[in-house]
Amino acid sequence: MHKNIYLFTPGPTPIPPKVLQRMNQPIIHHRSKEFREVFSRVNSNLQYLFQTKQPVLTLASSGTGAVEASFVNLFSPGDKIISVNNGKFGERWVKMPRTFGLEVVELKYNWGDAPSTGDIINALHKHPDAKAVYLVHCETSSGTFTDIKLIAEAIQRESSALVCVDGVCSVGGMEIRFDDWNLDVCVTSSQKGLMIPPGLAFVALSERAIAEMRYSKLPKYYFDLNKALDSIITNDTPWTPAITLIQGLDTALEIIRSEGLESRWSAHAKHAAFIRDEINSLGLKLFSKYPSNALTTVILPSKIESKIFHKKLREEHSIYFAKGQSDYMDKIFRIAHIGYHEADEYRIAIDGLKSVLTELAFSQNLH
Ligand SMILES: *Cc1c(COP(=O)(O)O)cnc(C)c1O
């Protein structure tokens, strides 16, 4: 299919034509049999997506809202948690719980680094009263992969802390198995790996996490997950759901289900490996020490001005890569592999990149 633009940003991501068509229908009412049928199918496909038998709650918010919901539903003021900060999003999960009066032990790493099991276990030994560990599966600001499976196993061996995962960038594109890995909280949002527009967020909760919610004293109303858990039993939501997005999600999840999660994970791995290889052969350097399969981050050669680089890509090739964030704004660029992409688009991305680099006279290692 010919696209107007090639969007390789890590959210929002491109949307399949079938999903766009599905959302281009007259609105239905949410307190109706028709909507409940859709939501029932969505709820069971979300369980498939997270690989869980637990309920997966759908909220009308972006991913940040779902992480906030996890804090206000699980904890009380003064509770201690450990939060890994190895980038922009990890930093957010240090600041946000502090806003709510939690005591946050910050495990800070340089961008591009990933947390080690040893550091997390040491922190748990030092803070045996920590109620949870927050981890980012794919840190989108640096394109860094954290081995959640390995770390979760170690945490569970050593402590009873809840394992809470920001899977916003990874769910749908990278292997994550909520039940098998004994995760307690996993959050994602619609505009990353799920191929629908922004506006929905999802939270999976383990039985342990649900039990913990009884003790939470932080105020909550809209994001009271008990209300959502009560409603989901009848395939309902406590408030007006984002009906049209949920219809789009229904089609997106059917696409994911018919392709199969495993084959989606391996397709992402293949596209990421292709991009990494091409980046290396262009003589460019990867930014992350542990590159993820959801996006690739690349160091922009210092001779090249970020603004001109992105402008040329956009205006001459209709290619949208993402800039870096914060200190790395103009020092790196990011190519996402999540969302809806035809296989040949990665070749188009690389050809566009080559041509812009050549034009900007970074020709040393080009072949
Ligand atoms: C995009 C992103 C978020 C934030 O989600 P919003 O939907 O923008 O609120 C959180 N964590 C990660 C890893 C992300 O990539």
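Fair warning: this is a prediction, and the values are worked out from it, not measured in the lab.

J.: Help me get a handle on the site of the ligand, residues and values and all.
T.: Around the ligand, 15 residues are found, and the nearest of them are S62, T64, T140, D166 and K192. In the environment of the ligand, an oxygen atom lies 2.5 Å from a nitrogen or oxygen atom belonging to the side chain of S62. Here Q191 contributes a side-chain N or O atom positioned 2.8 Å from an oxygen atom of the ligand. Protein contacts shield 90% of the accessible area of the ligand, which totals 380 Å² for the unbound molecule. If you list the elements that add at least two residues to the shell around the ligand, you get α3 (63-74) and α4 (88-99). By residue number, the principal contributor to the shell around the ligand is α4, which donates 3 residues. Of the residues in the shell around the ligand, the class split is 6 nonpolar, 6 polar and 3 charged.

J.: Describe in detail α4, supporting the description with residues and values.
T.: Over its 12 residues, α4 extends 17 Å from the first C-alpha to the last, a length consistent with the 16 Å expected when each residue adds 1.5 Å. Taken residue by residue, α4 has F89, G90, W93, V94, M96 and P97 as its buried positions. Turning to α4, the residues buried within the fold contact α3, β3 (80-85), β4 (103-108), β5 (132-136), β6 (138-139) and β8 (162-166). After α4 finishes, the residue G101 shows a positive phi value of roughly 85°.

J.: Please provide a residue-by-residue account of the environment of S83, values included.
T.: Inspection of the secondary structure puts S83 in strand β3. Between the alpha carbons of S83 and V203 there is a distance of 18 Å; along the sequence they are 120 residues apart. Beyond its immediate chain neighbours, meaning those up to four positions away, S83 contacts G90, W93, V94, V104, V105, E106, L107 and Y134. At 2.8 Å, the side chain of S83 forms a polar contact with the backbone oxygen of W93.

J.: Could you give me a rundown of the packing of helix α11 (residues 306-317) against helix α12 (residues 345-359), with the residues and numbers involved?
T.: In contact at an axis separation of 10 Å, α11 and α12 are set at 125° when each is read in the N-to-C sense. For the element pair α11 / α12, the angle class is oblique. In this structure, the crossing between α11 and α12 has a hand that is right-handed. Contact residues: F309, K312, L313, E316 and H317 in α11; G352, L353, S355, V356, L357 and E359 in α12. Across the contact of α11 with α12, the residue classes break down as 5 nonpolar, 3 polar and 3 charged.

Conventions used here
- For every chain, the first residue of the written sequence is number 1, and numbering continues from 1 along that sequence.
- In keeping with the model being predicted, local features are shown solely for residues with a pLDDT of at least 70 and side-chain atom pairs are shown and tallied solely at 80 or more, while totals for entire chains, interfaces and linings include all residues.
- Side-chain numbers here rest on the full set of heavy atoms in the structure, without hydrogens or water.
- Near residues are defined by distance, with any heavy atom within 4 Å of the molecule or strand qualifying the residue.
- By the criterion applied in these results, polar contacts are pairs of N or O atoms within 3.5 Å in which, for protein atoms, one can donate a hydrogen and the other can accept it, and in which residues neighboring in sequence qualify only through two side-chain atoms.
- Exposure was quantified through the Shrake-Rupley algorithm and a 1.4 Å probe, taking into account, for residues, occlusion by the shown protein chains and nothing else.
- Under the DSSP-based scheme used, a helix requires at least four consecutive residues in state H or I and a strand at least two consecutive residues in state E, with every element numbered from the N terminus.
- We call Asp, Glu, Lys and Arg charged. Ala, Val, Leu, Ile, Met, Phe, Trp, Tyr, Cys and Pro are nonpolar, and the rest, Gly among them, are polar.
- To estimate the expected span of a helix, count its residues, drop one, and scale the result by 1.5 Å.
- Accessibility here uses a 1.4 Å probe with only protein chains present; expressed as a share of the type maximum, an area under 20% marks a residue as buried, one over 50% as exposed, and anything in between as partly exposed.
- We call two residues contacting when some pair of their heavy atoms lies within 4.5 Å.
- Helix axes are fitted only over the stretch in contact, all axes being lines through C-alpha atoms; the angle between N-to-C directions runs from 0 to 180 degrees.
- Any angle from 65 to 115 degrees is called roughly perpendicular, while one under 35 is roughly parallel, one over 145 is roughly antiparallel, and all others are oblique.
- It is the rotation of the near helix from the far one that decides the hand of a crossing: anticlockwise by less than a right angle makes it left-handed, clockwise makes it right-handed.

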